Structure formats: structure tokens, C-alpha cells
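Next come the chains, spelled out residue by residue.
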Amino acid sequence: MFVTPAFAQAAAPGAADYLTSLMPILLIIPIFYFLIIRPQQKRVKEQANMLEAIRRGDTIVTSGGLVGKVVRVKDDSGELEVELAENVRVKVVRSMVADVRTKAEPVNDNKTDKK
């Protein structure tokens, strides 16, 4: 049983092998964050800001595809009263609004036109 010098000098597997095997996983994590997680968080924040900014006179689209004009906003219950057609009003939960098509000018209810 002779031991050849080639076997005696072979290095044992070390930390470099573990690092090279983990490198693809370590590269995938930032890619997922910047391409999937971060844009989704941004979209959720924009949607929440849009829902909070709904006020009377805005034209909205519900998630069911109905288009109407906001007549009344109930902040305490999270409901909107939407006019779909003349004398046709429905209550819509604020979270079911998919889009705000047109923003109305700010309404001043305290202003009276006395001439």
C-alpha cells in the first residue's frame, strides 16, 4: 500500500465550496425584492392613498365595472354613495373602488351664493 503524493496533497472541501453553492440563492433574494416585492408594495400604497382621497364629485369605477359619480362619502363606515344614473344611487364599500377616473374640484359646502 503505497500512498502517492497526489492523494496526500489533495485539499479537503472547504468554505469556498459552500459559498459558491449559496451564491445563486444570495443573488436571487435581491432580484425578487426589486422586481416583485418592492413594486407591489408601491402599488398597494398608491391604491390606499387613492382610496383615502376620494371625495364628493369624483367619478369612480368599482371592481365590478360600474362607473358612477360619488354623491356622499361616509368616513366613519367606509362607505360611498354613488350615483350610477339619474335617481339611481347605490352604496359602495370604499375598498371595492378600482379606479378614480376624474377628480372633482373641491366642494365648499359652507359657501352660499347670495347676490
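Use the structure listed above.
Here is what the cut-offs are and how they apply
Residues numbered from 1 in each chain as written. Predicted model: local features only at pLDDT ≥ 70, side-chain atom pairs only at ≥ 80, totals over all residues. Heavy atoms only, no water. Core = buried A, V, L, I, M, F, W, Y, C linked by side-chain atoms within 4.5 Å. Buried < 20%, exposed > 50% of the residue type's maximum accessible area, 1.4 Å probe, protein only. Helix = DSSP H or I, 4+ residues; strand = E, 2+ residues; numbered from the N terminus. Contact = heavy atoms within 4.5 Å. Salt bridge = Lys/Arg side-chain N within 4 Å of Asp/Glu carboxyl O. Pairing = 2+ DSSP bridges. Axes fitted to C-alpha atoms, helices over the stretch in contact; angles between N-to-C directions. Phe/Tyr/Trp six-rings, centres within 6.5 Å; stacked < 30°, edge-to-face > 60°.

Even after reading the chapter, I still don't get the nonpolar core, so can you show me in this structure?
What tends to happen in soluble globular proteins is that the nonpolar side chains get buried as a cluster. Membership of the largest hydrophobic core is limited to ten residues, which are Met50, Leu51, Ile54, Ile60, Val70, Leu80, Val82, Val92, Val97 and Val100. Mapped by element, the contributors of at least two residues to this core are helix H2 (15-52), strand E3 (79-85) and strand E5 (97-102). With residues near it in sequence (within four places) discarded, valine 97 still touches Gln47, Met50, Leu51, Ile54, Ile60, Val61, Thr62, Leu80 and Val92.

Honestly, the pattern of salt bridges in this entry has me stumped. Any pointers?
As a working rule, side chains carrying opposite charge can pair if their charged atoms are close by. As enumerated under the stated definition, the model contains four salt bridges in all. Residue aspartate 58 is joined to lysine 103 by a salt bridge in which the shortest nitrogen-to-oxygen separation is 3.1 Å. Of the two residues, aspartate 58 sits in the loop between H2 and strand E1 (59-62) while lysine 103 sits in the segment after E5, which places them 45 residues apart along the sequence. Owing to a relative accessible area of 44%, lysine 103 belongs among the partly exposed residues under this scheme. Arginine 94 is the partner of aspartate 75 in a salt bridge, and the nearest nitrogen-oxygen pair spans 3.2 Å. Here aspartate 75 is found in the loop between strand E2 (67-74) and E3, whereas its partner arginine 94 is found in the loop between strand E4 (88-93) and E5, with 19 residues between them in sequence. Here aspartate 75 falls in the exposed class, since its relative accessible area comes to 65%.

I tried to follow the environment of glycine 64 on my own but got confused; where do I start?
Mapping glycine 64 onto the fold places it in the loop between E1 and E2. You can call glycine 64 exposed: its relative accessible area is 70%.

I'm lost on unusual backbone geometry in this one. Help?
Glycine aside, residues mostly have negative phi, and peptide bonds are mostly found in the trans state. In the Ramachandran plot, asparagine 87 falls in the positive-phi region, its phi being about 65° despite a non-glycine side chain. Its location among the elements puts asparagine 87 in the loop between E3 and E4. Taking relative accessible area as the criterion, asparagine 87 reaches 71% and is therefore assigned exposed.

What is the right way to look at the sheet that holds E2 in this model?
Strands in a sheet are paired, the pairing made by backbone hydrogen bonds, and the direction either parallel or antiparallel. The five strands lie next to each other as E4-E3-E2-E1-E5, forming an open sheet whose pairing is antiparallel. The sheet is open, and its two edges are formed by E4 and E5, each paired on a single side. On average, each strand axis in the sheet is tilted by 45° relative to the strand beside it, whichever way the strands run. By the bridge criterion, three bridges tie E1 to E2 in an arrangement that is antiparallel. Counterpart to isoleucine 60 in the pairing with E2 is glycine 68.

Please clarify how the packing of aromatic side chains should be interpreted in this entry.
Two descriptors summarise a pair of aromatic rings, namely the distance from one centre to the other and the angle between the planes of the rings. In this structure the tally under the stated criterion is one aromatic pair. With 5.1 Å between their ring centres and 80° between their planes, tyrosine 33 and phenylalanine 34 make a pair best called edge-to-face.

Honestly, the pairing of E4 in this entry has me stumped. Any pointers?
A regular strand carries its side chains on alternate faces of the sheet. Judged from the six bridges that link them, E3 and E4 form a sheet pairing that is antiparallel. Within E4, the residue paired with glutamate 83 across the bridge is arginine 89. Connecting E3 to the antiparallel partner E4 that follows it, the hairpin turn spans two residues, and asparagine 87 within it adopts a positive phi of roughly 65°.

Such coordinate-based values are descriptive only and should not be taken to indicate function.
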